[in-house]
Structure formats: C-alpha cells, structure tokens
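# Close look at the chain arrangement
The primary structure of each chain is shown beneath.
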Amino acid sequence: MYIRDFGMDTITLAGPLAAKLRAMREAGFSQVMLAARDLVGHPDGWRAAVAEVRASGLRVTGFQVLRDFEGLGGHLHDYKVDMAKAMIEMAAALGSRVLLACSSTSQHASDDPAHIARDLRKLAMLALPHGIRVAFEALSWGRHLNELPQAWDVVRRADCPNLGVCVDSYHVFATGTPLEALEAVDPARIFLVQLSDFMWNEVRTPEERMATARTFRVFPGEGVHSAQLARLVTLLDRMGWRGDFSFEVFNDDYQQLPQERVAARARRAALWLAEDVLRRSTPLPSQLRARVAAAPSA
Amino acid sequence: MPRAWTRTCVACWAHRARESTAVNHPLAREIEADAANRLGLEGIEYIEYRSARPQALGHVLELMGFRPVARHRSREVLLYRQGTMNAIVNAHGATDGEPPALAAIALRVRDAAAAHRRVLELGGWDVPVQVAPMELHIPAIHGVGASRLYFVDRWREFSIYDVDFVPIPGTDPRPPALAGLHWFGLVQRVGAGRSADWVAFYGELLGFGVMGEDREAGVLPQGIVLRSPDGGLHLQLVEPDTPHGLAGAGADGDHEHFERVALGAPDVPAAAAALRARGVRFVETGHLAVQPRGALTQSWLDGVMFELIHHEPPA
C-alpha cells in the first residue's frame, strides 16, 4: 500500500465536513482537496471549518475553485479580482499551497490570448505573497480555452513562476486531447493533477461534457478509459510528477451513499494506480530493518 | 516543488534582467531605464519598525547613530534620523511580547497615487486607509508577511513629517550620518523554493532586477540580491538553510519576513570602529568578522541586528 500521493476531493462525499474528513482518514488517505463551499457552508462559520481541517491532520492538496476570472474588463474584472482575493485568503488560512482556477465559460470574456495571459499573471501576483500557486485548468466546456494545450499556452505566455496548469483526466478524455500533447508541458509547471473517469466512450457536445462532469464521473479503474488513464498517470510519472493526484469525482450516486463506502472505492482506485500502474510500494518492515542494519555505524 | 526547477527559473529571471540592460545606444539606454523604472523610484523615504517596546528599540537605534527628531501627532510613533536615513518606530497596535519587526518600507516615487494605481493593476493588495483627520494618506500595498510598502512623493518641496509629526524641542532636526552610513537595503527571509516567486513579485510590481556576481556581497553573500531600478534599495532573498520541501512558504514551515536592515558604509572598518566606540558589538568569528566588504552587529531585543556593507552613498 502506498497511497500517500493520492487524495480525495470533498465534493465526492455527502454530509458535513467533519464526516468527510473522518471517512478519508479512516480509508488511509493523508491529503484532501477542499472546496470553498466546505468552508463557507460550515454551520459554525468558515474559520471553524479551517480549524476542523487543521485538526484532522490531513494535508490540503489544494483549494477550489475560482471561475470565470480571465478575459473580463471594467467592473466585471474588478468584481472578479475581489472574488479571487477572498478565495486566496481562505486558501491561505487553510495552509493550501494551490488554488485551482478554471477557464472561463463567460460570453463576456475576451478570447485575446494577451488579455487572458495578463489577467492570469495578475491572479498569480495576487496569490504570490500568500505562498499560493495558481493551477489553471482548461474546462472541456470552456468558452475559449477548453483543452490542456491551450491552457499551457496562456500559462507560458503569462510567465510567472507561481502560475501553472492543472491536468484533469476527465477534461483530457472528454475533448479527446492526445496524451502526447502533455509532453509539451514543462512538468515543473504542473501544479495539480485531478483524476477521474466516466462511463461513456464519448461526450461530444459541451452540454454533454458538463452534465457528465457534474453528475456521473467515477473513480479511476471504474470507467471505460482505464487504459488511457493508466497511460496518463504513467506518462506524468515519467515526466517526473510524483503527486499530488487528487480524485475529483462528481457523482450523484456517491452523494447518496455512506461516506465510508465511497471512500473505500477511492482507496481501491488509489491502490490500483499506486501498486498496479505505478508499481510504487512501501518498503516492508523487514527491508527497513535490513537497511538500518547495513548502515555504517557512526 | 523540485528545487532544481526553482534554480533554473531564478537563473532564467536573472538572465532576462541582464538581457534587458544589454542595449548600446545612449538614448535606447535612457528609454530602457525609464521603462524599467515606471514608478519613478528614487530611494527610501523611511523604514518602519513595529515594536511594543519602542524605547528599548529607540535605544538600539541611537547606538547605531540615529537621533530621535520628531513625534507623531496622534499615535505612539517616533521618527529617528541620521544623514539621509529616516527610521520610524511605531508602537501603535504592536503586540506585547513580540520582538520588534520590520513593518514597512516607504519608497520615494514620482507620483504616489499613480504608482499605487499601477501596482494594484498588476496584482498588488491595497492597504485600507486608516488616518486621523488632517493626517496624510500615504498609499500602500501589502508586502512580505505582515509588512507594507508605502509610496511617497512629497520629499522635495516639503516633508511628510511636517504634516504628521511634531519636532522634539531642542534636537537637531538633521543629525549627520555616522561614518557615511546610508540605507543599502533589507534581508528578506523566504520559504524553501520561493526565491523565483519573490523575484517575479518585485520585478513585476516595482521593476527590480536580479544582480549578477558583481553585486556588493557583505559578509553573508547567500541567496539572491535584487536592486531597485534607481539603485536605491537592495533586497537580499534568503531561503531556509534546510529546505522544508513541500511544506515551504505559506505553510506553517516557513515564516517569510524582512529580517534585518543593511546599511551602506564607504569604509566598513572605520564605521565599525565608530559604532564600537558607541557601545555596539560586532560578530567577530570566522567569515562573519568585520572586514572591508562588510560586518554584522550583535543582536538586540530577540533579533534586531544590522549589517554593514561596503557601498558608496548615492550621489
């Protein structure tokens, strides 16, 4: 078992934050991807939620999600800057080092790459003093940017060390982006990897992609793209990515199951990826003992 | 974050900074200089300490050659001065038990309101205004940790201290500098793997560039040194000695802050001798011992120290 590099996403589980965190911990996970709703929806307020996360001992993989930030002008831009600042402050309070921002779906957003890059650079600057990196993700139904290579292109254009991309297997498979395209991305600028699969071979329209993404994703190993998913994870590993892998699984069925049942499915997915795909394993106690015995004495 | 990447990235930013000055034509150089100094930076107006023990900190400043010259009209704030240097000790809002902190740098700029607008447009965080009636509103953005960066444009025709401060009777309002001491810069502690981020921050918002190997190094030459486009402020970024890996900056592992002030001295051994005569002790061991290129003072009040660096005062 070596699932330290994998984590669950709170959006997969139903129930209050404390129950979600407990289910993840008890399933053997050591990290959690949080959403702003986990904090502001807490009955005792967002600061109580932050305290709960910190007390759980789970490391925060990242914080989501800032939407529709880039490409706006005038008062819309100013409004989004305020939203971004509030998200950054919550992420910082959690000790999260990553803020997820996804490509705009707004019809008011410009498609000018220079404008988009300028806005993303500003977002990165806002996050920078807080020690937060911005992971920019191409939503497969994004208005102007909907594939990973496009996201990488604007990130490269924006050129800020704390701005990178999020690789989300769902969107990569939904748009049929060739995995080879990933090799063009500087692995040091991948700040987050989100993994999930789905049960259809194809999702052709943006509407289909959005509906499937929001209601019927499944864990790695449970969908019809397992071979592709294994290739994606292996490719990332070869590029030097060691984690974090976060399971971002929106699924209406999982929302009506006990948390531990869903967490057990997540654990099964993590074990499949860690042991069968990546062949990562924890040193056995006997091996550790042998290493200690073999170490030269001081 | 892989450290190898950070190094590559910092080197890359340094390379770009050097490239940006590689222009031959004099007019092109001038245009380039203006473009690099979009805010019209012209040195440091003041450096501000926050301390719940203002008298103890004031005593340290006096040992270093500063003299108290004025008091704030409405708050427990004192202005110290020597030569071209203004240092402010602010006890307002300081927390008991906390060591003194370097709370702010006030930068002289061509137009404070325009400079403030520009850095906000680029992604700086505004500091809300909190002034009493008839006091100056000095625009600011948040800097590293809890610090602030102020923008001041009134230092030629009249001084900001004429408005907010009352002179201390019987004191010389312009005490001379000891041994030519002047502001050189500050040392900023940054989290593991965070140097490239801060290089980008100061480069983007204020036009700072990375200095090459020919930089003034002092006795603690580690890290990266940034210089303001006018040459009036140096920032030395220093990562932890032991990398904290992923638990770097922003997480609990690292506390990012301004650690100490560096004072320029045209003759470091002479300045050290003058300060010793006033009761200042210097680190005297190994490579940190007083030498022509630099020196490091003792530490007071849980961490207040000063570095001397061989540097001629600006013309």
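Residues numbered from 1 in each chain as written. Chains lettered and ligands numbered in written order. Predicted model: local features only at pLDDT ≥ 70, side-chain atom pairs only at ≥ 80, totals over all residues.

### Structural notes on the overall build of chain B
Assigned secondary structure in chain B consists of seven helices and 15 strands. A fraction of 72% describes how many contacts in chain B between residues 6 or more apart in sequence connect residues 24 or more apart. (Helix = DSSP H or I, 4+ residues; strand = E, 2+ residues; numbered from the N terminus. Contact = placed C-beta atoms within 7 Å.)

### Digging into the overall build of chain A
Scanning chain A from terminus to terminus reveals 11 helices and 10 strands. A compact globule built from 298 residues would reach a C-alpha radius of gyration of about 19 Å, and chain A, at 19 Å, matches this within 12%. Relative to its 298 residues, chain A shows a buried fraction of 50%. Sequence-distant contacts in chain A: of pairs separated by 6 or more residues, those separated by 24 or more amount to 81%. (Rg over C-alpha atoms; globule rule 2.2 N^0.38 Å. Buried ≥ 20, exposed ≤ 12 C-beta atoms within 10 Å, placed from the backbone.)

### Description of the pairing of strand β7 (residues 148-152) of chain B
Residues and elements named next belong to chain B. Burial analysis of β7 places four of its five residues in the buried class, the great majority of the element. With five bridges connecting them, strand β5 (residues 101-108) and β7 associate as parallel partners. Paired with Ala 106 across the strands is Tyr 150, a residue of β7. Looking at chain direction, strand β6 (residues 140-142) and β7 are connected through three bridges and run antiparallel. Within the sheet, the bridge partner assigned to His 142 lies in β7 and is Arg 148. In textbook terms, the turn of a hairpin is the stretch between consecutive antiparallel strands, and for β6 and β7 this stretch comprises five residues, one of which, Gly 145, has a positive phi near 55 degrees. (Pairing = 2+ DSSP bridges.)

### With respect to the nonpolar core
Grouped together as the largest cluster of nonpolar side chains are 176 residues, with contacts concentrated most on Leu99(A) and Val165(A). Split by domain, the residues of this core number at least three in each of domain 1 (44-167) and domain 2 (178-310) of chain B. Among residues more than four places away in sequence, those in contact with Val165(A) are Ala135(A), Phe136(A), Glu137(A), Leu148(A), Ala151(A), Trp152(A), Val155(A), Val185(A), Arg189(A), Ile190(A) and Phe191(A). (Core = buried A, V, L, I, M, F, W, Y, C linked by C-beta atoms within 7 Å. Domains from an automatic or database assignment.)

### Description of the domain arrangement of chain B
Residue and element names in this part refer to chain B. Structurally, chain B comprises domain 1 (44-167) and domain 2 (178-310). Taking the mean C-alpha position of each, domain 1 and domain 2 sit 20 Å from one another. Between domain 1 and domain 2, the residue contacts involve 24 residues of the former and 24 residues of the latter. When residues of the side of domain 1 that touches domain 2 are traced back to their parent elements, those giving at least two are β1 (44-50), α3 (54-63), β5 and α4 (112-122).

### Section: the environment of Trp155(B)
Residue and element names in this part refer to chain B. Tracing the backbone through its elements, the reader meets Trp 155 in the loop between β7 and α5 (160-164). Given 17 C-beta atoms within a 10 Å radius, Trp 155 is considered partly exposed. Expressed as a C-alpha distance, the spacing of Trp 155 and Asp 34, which sit 121 residues apart in the sequence, is 21 Å. For Trp 155, the contacting residues outside a window of four places in its chain are Glu 45 and Arg 108.

### Overview of the pairing of strand β15 (residues 306-310) of chain B
Residue and element names in this part refer to chain B. With respect to burial, β15 is a largely interior element, five of its five residues being buried. The two faces of β15 match: Phe 306, Leu 308 and His 310 on one face and Glu 307 and Ile 309 on the other face are all buried. Sheet analysis places strand β13 (residues 257-265) next to β15, joined by five bridges and oriented parallel. Across the sheet, residue Ala 265 finds its bridge partner in β15, namely His 310.

### Regarding the sheet that holds strand β8 (residues 165-167) of chain B
Residues and elements named next belong to chain B. The eight strands lie next to each other as β6-β7-β5-β1-β4-β3-β2-β8, forming an open sheet whose pairing is mixed. Whereas interior strands pair on both sides, the edge strands pair on one side only; in this sheet they are β6 and β8. Along the sheet, successive strands turn relative to each other by an average axial angle of 25 degrees, direction set aside. One ladder, built from six bridges, connects strand β3 (residues 77-82) with strand β4 (residues 85-90); its direction is antiparallel. Of the residues in β4, the one forming a bridge with Tyr 80 is Ala 87. (Axes fitted to C-alpha atoms, helices over the stretch in contact; angles between N-to-C directions.)

### Focus on unusual backbone geometry
With an omega dihedral of -5 degrees, the bond running from Gln64(A) to Val65(A) counts as a cis peptide bond. Looking at the secondary structure, you find Val65(A) in strand β3 (residues 59-67). Gly243(A) connects to Asp244(A) through a cis peptide bond whose omega is 15 degrees. Position of Asp244(A) among the secondary structure elements: in the loop between α9 (226-238) and β10 (245-247). We note that Arg279(A) has phi near 55 degrees; this positive angle belongs to a residue other than glycine. With respect to the helices and strands, the residue Arg279(A) is situated in the loop between α10 (259-277) and α11 (285-294). Positive phi values are uncommon outside glycine, yet Asp302(B) reaches one of about 60 degrees. Mapped onto the fold, Asp302(B) is located in the loop between β14 (294-296) and β15. In this structure Asp302(B) comes out as exposed when scored by C-beta crowding, with 10 C-beta atoms within 10 Å.

### Re the confidence of the model for chain A
The pLDDT averaged across chain A works out to 93; a share of 94% of its residues lies at or above 70. This stretch, residues 287-298 of chain A, has a pLDDT under 50; its non-local contacts, to residues over four places away or in other chains, come to one contact. (pLDDT = per-residue confidence, 0-100.)

### Re the sheet that holds strand β11 (residues 224-227) of chain B
Backbone hydrogen bonds hold the strands of a sheet together, and the pairing may be parallel or antiparallel. Residues and elements named next belong to chain B. Spatial ordering of the open sheet is given by β10-β11-β12-β9-β13-β15-β14, a layout of seven strands whose pairing is mixed. For this open sheet the edge positions go to β10 (209-210) and β14, each flanked by a neighbour on one side alone. With two bridges connecting them, β10 and β11 associate as antiparallel partners. If you follow Val 210 over to β11, its bridge partner there is Leu 226. Of the strands in this sheet, β9 (182-189), β10, β11 and β12 (234-238) are in contact with helix α6 (residues 195-206), which crosses β11 at around 5 degrees. The sheet contacts of helix α7 (residues 268-276) involve β13, β14 and β15, and relative to β15 the element is tilted by about 145 degrees.

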